[in-house]
Amino acid sequence: MIDFLTILATIVFVIYAFVGGACFGSFLNVIVWRLPRKKPILLARSHCPKCEKDIAASDNIPIIGWLRLAGRCRNCRESISVKYPLIETVVAVLFAALFLVIVVMHGVTLPQGWLGKHHANWLSEFPRCPLFAFSLHQMTLGYLLLAIALIDEDRMKSPWRIVLFGLLLHFCFDCWKPIVRYIDSPLAQITDFHVPELTFYDACKYSLLGGVVGVIFGGVGKLCKVPHVADNTFEQLVMLGVFMGPIVTVLVSIVSASSLVMQTFGNRILKKKQRVGTGIPLQIFCAWLLLLFTWRWWPVVDLSSFPF
Ligand SMILES: [Zn+2]
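The model shown is predicted, which means the values in this text are computed figures rather than measured ones. (Residues numbered from 1 in each chain as written. Predicted model: local features only at pLDDT ≥ 70, side-chain atom pairs only at ≥ 80, totals over all residues.)

Engineer: Looking at this structure, how should I read the overall build of the chain?
Structural biologist: Counting secondary structure elements, the chain contains ten helices and zero strands. Across the 308 residues that make up the chain, the buried fraction comes to 37%. In the chain, once contacts between residues fewer than 6 apart in sequence are set aside, the share between residues at least 24 apart is 72%. (Helix = DSSP H or I, 4+ residues; strand = E, 2+ residues; numbered from the N terminus. Buried ≥ 20, exposed ≤ 12 C-beta atoms within 10 Å, placed from the backbone. Contact = placed C-beta atoms within 7 Å.)

This is the structure:
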């Protein structure tokens, strides 16, 4: 039964997620530019890259600020890249979509094991609902994967600090809501999975295994010298492995490797001098997104009889 209050709360919270995402997206622009150039992130005012004049707070509002100035600096009228509001919009839509699908729609795209347990109205169990913790966990992962992907698109080396920060946040989530580690685990893909069966040891094991799979896949990419691989693929897969476990890491690697092959062949056929397409980290980000929103319909892999 969906009542008026639930509809209202859904709209309000999705708008919150969108606005919050836009602000985080604005910060992402700062991270992507400053981190690889070893510049301080905090306590730094944003300024025009051309005339170096500080941007007023009212012009610095995510998305709206750029639209209001019609993409030009107020001081020197030099054009400001459309990529800034675009990244803000992408993060805003990402956060809103994750909240909508995972919390409001009870993780309708997640593996079956998690369905059936949350039939109640989402508002009634908010914010204690484990799926809320999971949505925040996935927003964190998506944000950091995108950060590495954008640094890679700039052809810069992503610092390990991003991965270490991600691992620290994953550990905090783990302590705050231990349920997060169960959702990510391969065991959660089995329909009759029961949460208490999985111990802390199991969770660490799968996280570690995911990390190892990430290291192997990232290492293979490095050794094979796949076209336009910056080193960033390696960092991304390690983080994905720890957050999501081994099976998701393998699936995402397969999807992004396939899209890379298609891109390479596409470029051969087109015979364009100007290479089209993106680097692998952006494809890994897209593959993770694709998997998260279609996970339920993927083949189930049973690791419950895994020997150690
Ligand atoms: Zn300027």
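Engineer: Please explain the environment of Phe-173 as it appears in this structure.
Structural biologist: Inspection of the secondary structure puts Phe-173 in helix H5 (residues 160-176). Residues Phe-173 and Phe-134 lie 39 residues apart in sequence; the distance between their C-alpha atoms is 8.8 Å. Residues in contact with Phe-173, not counting those within four places in the same chain, are Ala-133, His-137 and Val-180.

Engineer: Whenever I open this one, helix H3 (residues 83-104) confuses me. Can you help?
Structural biologist: Each α-helix winds once per 3.6 residues, and so residues spaced three or four apart point in a common direction. For H3, built from 22 residues, the straight-helix expectation of 32 Å at 1.5 Å per residue is met to within 8% by its first-to-last C-alpha distance of 30 Å. After H3 finishes, the residue His-106 shows a positive phi value of roughly 55°. (Expected span 1.5 Å × (residues − 1).)

Engineer: Explanation requested: the environment of Val-30 in the structure shown.
Structural biologist: Tracing the sequence through the fold places Val-30 in helix H1 (residues 4-34). Residue Val-30 is classed as partly exposed on the basis of its 14 C-beta neighbours within 10 Å. Residues Val-30 and Leu-42 lie twelve residues apart in sequence; the distance between their C-alpha atoms is 9.4 Å. Those residues in contact with Val-30, other than ones at most four positions away along the chain, are Ile-41 and Ser-46.

Engineer: How do you make sense of the packing of helix H9 (residues 246-270) against helix H10 (residues 280-292) when you look at a structure like this?
Structural biologist: Geometry of a packed helix pair, given as the angle between the helix axes and the separation of the axes. Closest axis-to-axis distance for the H9/H10 pair is 8 Å, and the angle between their directions is 125°. Judged on the interaxial angle alone, H10 and H9 are oblique. For the crossing formed where H9 meets H10, the hand is right-handed. Here Val-248, Leu-251, Val-252, Val-255, Ser-256, Ser-259 and Leu-260 of H9 come into contact with H10, specifically with Ile-280, Gln-283, Ile-284, Ala-287, Trp-288, Leu-290 and Leu-291. Looking at side-chain class alone, the contact of H9 with H10 contains eleven nonpolar, three polar and no charged residues. (Axes fitted to C-alpha atoms, helices over the stretch in contact; angles between N-to-C directions. Parallel < 35°, antiparallel > 145°, perpendicular 65-115°, else oblique. Left-handed = near helix turned anticlockwise from the far one by under 90°. Nonpolar A, V, L, I, M, F, W, Y, C, P; charged D, E, K, R; others polar.)

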